[in-house]
Amino acid sequence: MTTTPRQLLEQQGPIADDVVAVRVGDRVVDLHTPVADDAVVTPVLASEPAGLKVIRHSTAHVMADAVQRLFPGTQVTIGPAIDDGFYYDFDKKDGGFTDHDLGRIEDEMRAIIKRKSPFRREVTTREEAIRRFTALGEAYKVEIIRGFPDGEEVSYYTHGEPGKEWLDVCAGPHVPTTRHLAAVKLTHAAGAYWRGVETNPMLQRIYGTAFHTKEALAEHLALLEEAKKRDHRKLGKELELFMFHEYAPAMPFLLPRGTRVMNRLVELLRKVYDDEGYDEVSTPQIFDRRLFETSGHLPNYRENMFFPVTPDAIDELVLAGRRDDDEAKKLYAARLSEIERLAQKPMNCPSHCLIFGAKRRSYRELPMRLADFGRLHRYERGGVVHGLARVRSFSQDDAHIFTTEETLEHEIEKFLRSFYALYELFGFTRIDVKLATRPEKRMGTDEMWDQAEGDLARALDKAGLPFEVTPGEGAFYGPKLEFHVHDALKRSWQLGTLQIDYALPASFELGYIGSDGKEHRPIMLHRAWYGSLERFFAVLIEHVGGAFPTWLSPEQVAVLSVNEAQEAYGMSVVQQLKARGVRAYGDFSRDKLGAKIRNARLMRVPYLAVVGAKEQELRAVTPRSQRDGDLPQTPLAEFIDRVAAEARLPSLPSLAETREQSSRLGAANKSAHPPRKEDKRRHEWRQAAPASIPGRTSAVPRSASTTASASPRSA
RNA sequence: GCCGACCUAGCUCAGUGGUAGAGCAGCGGUUUCGUAAACCGCAGGUCGUGGGUUCAAAUCCCAUGGUCGGCUCCA
């Protein structure tokens, strides 16, 4: 094979400037990699995703080159293209890279790019490559090459002026020359373990991004800025939804406005629970350790648990420690173990097993669905906590379903249908499904795991849901279905989950009497739709940019007076709204109307109702909607009817309706609610389905220039 | 937990060895005003905390808490 794609393309005519590689079958290769003489090659353009990937990977090489020029002695490791850019990991002798360093590196990269040197590919033997990189002092590269099978060819790439080429082991492909690297930006530096293993040395990673044009790069950076404005931590502070304090790190305080939203989220679920046969329970926070020995949490989950200690236990330990005789040493050891006598619950499942096991159960009681909004505490290491999305104290829409083999499949189906109906209601359309299989640390037999993993995979197939298998990521008691949704900055968070558990019913020796009069063991499902309420709240805040739909909003109407003469009328408007269950407040301060509007808009109040002299006289209001802007003056009674209707808790479509939906799960952007019958007047209000969240259009204030761009999906 | 950065008034941020600042919010007054910020004044900080260096520390050094970006780990 001596023919290059460049030659093949040239036979078809001159090669366009923006061709960075070619596609041969499924492979993307560069223009100078030899291919079969009769290969069918199609150009890969700089602007298409595959082309951008080539550009970014090539940029990573140039960055590594720049780093080694500026910081001699720094070793290179790996540097792949990733979703929105690339990174390269370095072993730098004296600590990490500063922001100042990043600027210098970027300048150096521009200088390298300006020289327009070609990327060249060479092939050598494994042994020769090892010799070559050993001579360069690149220990990590040598380790990588040693990992290749014996006798395998090794390709490497160079760029740069002759005699000063920069060299990297690499499968490619790369752009023809550095000329194609038009727009480059280094974003941040961070530590990363070599090969991602915590016990390996910490390397220094630089993240960057690159595009085919400067305009595309600028657009991407603007998008990131826009996304940062939706960060739930920022909005949580601005909108007074929640706060943190260093006296309770990573444990959120939900403020009045945030609590109102959360309560609505829970109210909605309680209604669904009623429809679907769940029974809510409430269980203790602190247990004797024996519970978690039985459940397997102590052997498998201890590192994530808090252990409360009584003052007696501490005092006795201190006293025993003060004495210095043999008996005291024995006493001390005994007291020390007492310290861990109590444990704060990290999950609800053990309590629910106790409830199930508390009396003789009949098959007639199954499926038994126990729901629990109880607060959980999990010790999380300092570096992993993240706003409301990863906390140490949280609650879940947790429920455990005790079921028979026969009804298991039906229960899973029911879970999936309601899950998708719920998420569609909130406007989440991009949901990644993962099937997490048996971890190393686990309970139960392999047969149980085979069974449970198979059950879940079959249920997904039956629902027509594409999913990814993540081996070893399951819970210690059973495999998990995980439902992941992205935040504003495209970080993916697991929200809902469904887990099949054969292990805990066995550990707790749970049983029920079947219709045959014999004792049988139930199967347990652990399930949550929202997952952690706090995390769901975080993702929801970012999804809607702080502008909640009316039914969820902490305040639904702000009544604004034009001047003090309307205060009495305004107060009566607020009272009448409240009487109809609408969360309303009045702003009768001496501010100008413009200022009142600004304040209410900043707090994302869905409806403003302006009352001036005209409105007072006509018993009317002039509304303005967060979503639709100014609305015509409306009689008060009509306004109240309208808002009260929109403020009501939405209902999930019935199971029959969702059956149809579940067959098109993942279909984008369809409203859960068909448009209602509208009369003329309603039409003026530009009715949208009240329950669906307009995340893509009005989630950020209208004044923002790139309204749609803040959506994580549109990037 | 690891690597790096950051922490100044309620919030957003200036201030890099020599007397702690601004805007907004708050409070007091003036203004009564029609769709995104009226005007004047007042008050507010042992510069996260604890040590150290120095004649002198918000500023330099060490420790510690918290936060942020990643890594690892998870709802």
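Just so we're clear, the structure is a prediction, and the values are computed from it rather than from any experiment.

(A) A look at the protein's contact with RNA strand B. The environment of RNA strand B is made up of 58 residues, and the closest members are Y193, R390, K480, Q494 and R590. Taking all atoms of RNA strand B within 4 Å of the protein, the share assigned to sugar and phosphate is 47%. With respect to RNA strand B, the side chain of E198 contributes an N or O atom lying 2.8 Å from a sugar or linking oxygen. Contact distances for RNA strand B include 2.6 Å between a phosphate oxygen and a side-chain N or O atom of R233. Broken down by element, the residue count for the surface near RNA strand B peaks at seven residues, all from helix α19 (residues 593-602). Among the residues forming the surface near RNA strand B, the class breakdown is 21 nonpolar, 16 polar and 21 charged.

(B) Expanded view of the environment of T178. Secondary-structure assignment places T178 in the loop between β9 (166-169) and β10 (183-193). Given the relative accessible area of 0%, T178 is considered buried. T178 sits 171 residues away from Q7 along the chain, and the two C-alpha atoms are 20 Å apart. In this structure T178 touches V62, I112, I113, R115, K116, S117 and F119, once residues within four positions along its chain are discounted. A polar atom in the side chain of T178 sits 3.0 Å from the backbone oxygen of I113.

(C) Broad picture of unusual backbone geometry. The omega torsion across L366 and P367 is -10 degrees, close enough to zero to call that bond cis. Topologically, P367 is positioned in the loop between β17 (361-362) and β18 (368-372). With a phi close to 60 degrees, R195 is a non-glycine residue in the positive phi region. Take R195: it is sitting in the loop between β10 and β11 (202-211). Unusually for a residue other than glycine, K490 sits at a positive phi of about 70 degrees. Accessibility expressed as a relative area gives 31% for K490, which makes it partly exposed.

(D) The arrangement of the side chain of R126 in detail. Residue placement: R126 occurs in helix α4 (residues 126-135). A relative accessible area of 12% places R126 in the buried class. Within polar-contact distance, the side chain of R126 engages the backbone oxygen of I145 at 3.5 Å. In contact with R126, other than residues within four places in its own chain, are I145, R146, F148, P149, D150, G151, E152 and V154.

(E) Representation of the sheet that holds strand β8 (residues 153-159) in the model. Sheet architecture is open: three strands sit in the order β7-β8-β9, paired in antiparallel fashion. This sheet does not close on itself; its edge strands, each paired only once, are β7 (120-125) and β9. Pairs of neighbouring strands in the sheet enclose a mean axial angle of 30 degrees, with direction left out of account. Bridge analysis of β7 against β8 gives six bridges, and the strand direction is antiparallel. What sits directly across from R121, in β8, is Y157. α4 contacts β7, β8 and β9 of the sheet and is inclined by roughly 110 degrees relative to β7.

(F) Representation of α19 in the model. Of all the residues in α19, the buried ones are K596, I597, A600 and R601. Looking straight down α19, one finds its buried side chains confined to an arc of 130 degrees; they lie on one side. Facing away from the buried side of α19 by over 90 degrees, the exposed positions are G594 and R598. On its buried face, α19 is in contact with β29 (557-561), β30 (584-587), β31 (607-611) and β32 (620-625). Once α19 finishes, R604 follows within two positions and takes phi at roughly 60 degrees, a positive value.

(G) Region of the structure containing the environment of L265. Within the secondary structure, L265 sits in helix α8 (residues 256-276). A relative accessible area of 0% means that L265 is categorised as buried. Along the primary structure L265 and F536 are separated by 271 residues, whereas in three dimensions their C-alpha atoms are 9.6 Å apart. Once residues within four sequence positions are removed from consideration, L265 is found in contact with F426, Y530, F536, L540 and L552.

(H) Representation of the packing of aromatic side chains in the model. Per the stated rule, a full pass over the model turns up 31 aromatic pairs. Ring geometry for F242 and F244: centres 6.0 Å apart, planes at 80 degrees, overall edge-to-face. A ring pair is formed by F419 and F483, whose centres lie 4.1 Å apart and whose planes are at 35 degrees; its orientation type is tilted. Remark: F483 occurs in strand β24 (residues 480-486) and F419 occurs in helix α14 (residues 405-426); sequence separation between them is 64 residues. Note on F483: relative accessible area 1%, which makes it buried.

Thresholds, definitions, all that
Residues numbered from 1 in each chain as written. Chains lettered and ligands numbered in written order. Predicted model: local features only at pLDDT ≥ 70, side-chain atom pairs only at ≥ 80, totals over all residues. Heavy atoms only, no water. Near = heavy atom within 4 Å. Polar contact = N/O pair within 3.5 Å; in protein donor to acceptor, adjacent residues only side chain to side chain. Helix = DSSP H or I, 4+ residues; strand = E, 2+ residues; numbered from the N terminus. Nonpolar A, V, L, I, M, F, W, Y, C, P; charged D, E, K, R; others polar. Buried < 20%, exposed > 50% of the residue type's maximum accessible area, 1.4 Å probe, protein only. Contact = heavy atoms within 4.5 Å. Pairing = 2+ DSSP bridges. Axes fitted to C-alpha atoms, helices over the stretch in contact; angles between N-to-C directions. Arc of directions from axis to C-beta. Phe/Tyr/Trp six-rings, centres within 6.5 Å; stacked < 30°, edge-to-face > 60°.

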